[in-house]
Amino acid sequence: MTRTDPIHQIRYAVRHPNRIVPHFRRLARDTWLRLRTTDHVSYYRAVMKSDTARNPEAAVGSKSHDRWLALGKMQFDYLVGHGLRPDHRMLEIGCGNLRAGRLFIDYLDAGGYYGLDISPDILIAAQHTLAQYGLRDKLPHLTPVRDLKFEFLPDASFDVVHAHSVFSHSPLHVIEECFAHVGRVMRPGGWFDFTFDRTEGREHQVLREDFYYRTETLLDLAAKHGLAARFMEDWEKLPHKQSKIRITLP
Ligand SMILES: C[S@@+](CC[C@H](N)C(=O)[O-])C[C@H]1O[C@@H](n2cnc3c(N)ncnc32)[C@H](O)[C@@H]1O
């Protein structure tokens, strides 16, 4: 049984009655936004606009400021523990309001951080984070994008590419677009870490906002585009619901 099965949904509602009203509110809002947009990126940009207007930290998935700080630190500690150096150049896909980005920016040499996002609204919030945490002098790049082809970025230019909690909101064709192009902008010896919502059962999505994939689907997709990919077991020990895959150039 999957989350999209009506029987599962009824059982879930009985167990969590307080979530029924918020869910239907979200369903109504998302249906309205889907009707007004023609493709996934436009739809999700509209979702982010609506969520960011309420609370940018909640828009990137944090229920409280303490969680926002903790989730950023978890991402930062993991990458530094895996060899991120201050002289590295880093591309962050779906940087949001710099929950982790503010720590990367602080750590990297000036100009070493490139953040991309489909949401202009969350990038404005990211500028606020830069000012708030005294990071102006680090001159990070923050750029809105419509796709993940990286057309405006030079070949072999990033040591580390990072996408946390982005593919958990992406249909497979968006992930495939990224895999088809990311190798070009990675430096030899570099790596690309991304998280995803893992299912061991049937792959499914909820409200076109949350997408659940089997690990093999993403490993096979990476291989199709000539990328080496492996499941990161040590990430599983951390208190986080998503799993992580690392891509390298073969
Ligand atoms: C859950 S938030 C996580 C933000 C940040 N990575 C973090 O951990 O705080 C997901 C972010 O990815 C962005 N996003 C979603 N799909 C994207 C895509 N296809 N390309 C670039 N950004 C995307 C959203 O606008 C949002 O800012």
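Just so it is clear, the structure is predicted and the values come from calculations on it, not from any experiment.

Rules behind the numbers
Residues numbered from 1 in each chain as written. Predicted model: local features only at pLDDT ≥ 70, side-chain atom pairs only at ≥ 80, totals over all residues. Heavy atoms only, no water. Near = heavy atom within 4 Å. Polar contact = N/O pair within 3.5 Å; in protein donor to acceptor, adjacent residues only side chain to side chain. Pairing = 2+ DSSP bridges. Helix = DSSP H or I, 4+ residues; strand = E, 2+ residues; numbered from the N terminus. Right-handed = clockwise from strand over helix to strand, strands pointing away. Axes fitted to C-alpha atoms, helices over the stretch in contact; angles between N-to-C directions. Parallel < 35°, antiparallel > 145°, perpendicular 65-115°, else oblique. Contact = heavy atoms within 4.5 Å. Nonpolar A, V, L, I, M, F, W, Y, C, P; charged D, E, K, R; others polar. Patch = residues over 30% accessible without salt bridge, like charges linked within 9 Å, V, L, I, M, F, W, Y side chains within 5 Å. Areas by Shrake-Rupley, 256 points an atom, 1.4 Å probe, with all protein chains shown as cover. Salt bridge = Lys/Arg side-chain N within 4 Å of Asp/Glu carboxyl O. Lys, Arg positive; Asp, Glu negative; His and termini not counted. Charge placed at Lys NZ, Arg CZ, Asp CG, Glu CD. Phe/Tyr/Trp six-rings, centres within 6.5 Å; stacked < 30°, edge-to-face > 60°. Buried < 20%, exposed > 50% of the residue type's maximum accessible area, 1.4 Å probe, protein only. Lys NZ or Arg CZ within 6 Å of the ring centre and 35° of its normal. Domains from an automatic or database assignment. Buried area = accessible area lost by both parts, 1.4 Å probe.

**Digging into the site of the ligand**
Taken together, 18 residues sit near the ligand, with Gln75, Gly94, Arg99, Asp117 and His164 positioned nearest. The side chain of Asp117 places a nitrogen or oxygen atom 2.6 Å from an oxygen atom of the ligand. Within the contact set of the ligand, a nitrogen atom lies 2.9 Å away from a backbone nitrogen or oxygen of His164.

**Details of the pairing of strand E5 (residues 186-198)**
As paired strands, strand E4 (residues 158-163) and E5 are joined by 5 bridges and run parallel to one another. Residue pairing across strands places Val160 opposite Trp191, the latter belonging to E5. Of the crossover connections in this fold, the one passing from E4 over helix H8 (residues 172-185) to the parallel E5 is right-handed. Across 6 bridges, the pairing between E5 and strand E9 (residues 243-248) is antiparallel. Each residue of the ladder has a partner; that of Phe192, found in E9, is Ile247. As defined by bridge partners, E5 adjoins strand E7 (residues 210-213) across 2 bridges and the pair is classed as parallel. Bridge pairing links Asp197 to Tyr212 in E7.

**Quick look at the packing of helix H3 (residues 40-54) against helix H7 (residues 120-132)**
Where H3 meets H7, the closest approach of the two axes is 8 Å, and the angle between their N-to-C directions is 45°. As summarised for this structure, H3 and H7 are arranged oblique, according to the angle between their axes. Side by side, H3 and H7 meet where Arg45, Met48, Lys49 and Thr52 of the first sit next to Pro120, Asp121, Ile122 and Ala125 of the second. Taken together, the residues of the contact of H3 with H7 break down into 4 nonpolar, 1 polar and 3 charged.

**A short note on a positive patch on the surface**
There is a patch of like positive charges on the surface, built from Arg19, Lys63, Arg67 and Lys241. Within the secondary structure layout, Arg19 lies in the loop between helix H1 (6-15) and helix H2 (20-36).

**Observations concerning the packing of aromatic side chains**
Geometrically, a pair of aromatic rings is defined through the distance of the ring centres and the angle of the planes. Enumeration over the complete set of coordinates arrives at 11 aromatic pairs. Both rings, one in Phe76 and one in Tyr107, keep their centres 5.4 Å apart while their planes meet at 85°; by these two values the pair is edge-to-face. Here Phe76 is found in helix H5 (residues 65-81), whereas its partner Tyr107 is found in helix H6 (residues 101-107), with 31 residues between them in sequence. Relative accessible area serves as the criterion here: at 26%, Tyr107 is assigned to the partly exposed category. Between the aromatic rings of Phe194 and Phe196, the centroid separation amounts to 6.4 Å while the plane-to-plane angle is 55°, which identifies the pairing as tilted. Across from the ring centre of Tyr43, 5.7 Å away, lies the NZ or CZ of Arg34, which sits over that ring. Taking NZ or CZ as reference, Lys244 lies 4.1 Å from the ring centre of Trp235, over its face.

**Some points on the domain arrangement of the protein chain**
Interfaces are often sized by the accessible area lost when the parts come together. Along its sequence, the protein chain is organised into domain 1 (1-36) and domain 2 (39-248). When each unit is reduced to the centre of its C-alpha atoms, the spacing between domain 1 and domain 2 is 26 Å. Listed by partner, the interface residues are 11 residues for domain 1 and 15 residues for domain 2. For the pairing of domain 1 and domain 2, the buried interface totals around 1100 Å² over both sides, and the portion due to carbon and sulfur atoms is 56%. If you look at where domain 1 meets domain 2, you find 4 salt bridges.

**What to know about the pattern of salt bridges**
Enumeration according to the criterion identifies 16 salt bridges in this entry. Measuring nitrogen to oxygen at the nearest pair gives 3.2 Å for the salt bridge that ties Arg26 to Asp210. In this pair, Arg26 is assigned in helix H2 and Asp210 in strand E7, connecting sequence segments 184 residues apart. Of the residues examined, Arg26 reaches a relative accessible area of 31% and is grouped as partly exposed. One salt bridge in this structure joins Lys73 and Asp77, with 2.6 Å as the shortest N-O distance. Taken together, the positions of Lys73 and Asp77, both in helix H5 and 4 residues apart, correspond to about one turn of that helix. On the basis of relative accessibility, which here comes to 46%, the residue Lys73 falls in the partly exposed class. In this structure, a network of salt bridges that share partners links the residues Arg26, Arg29, Asp30, Asp51, Arg54, Glu209 and Asp210.

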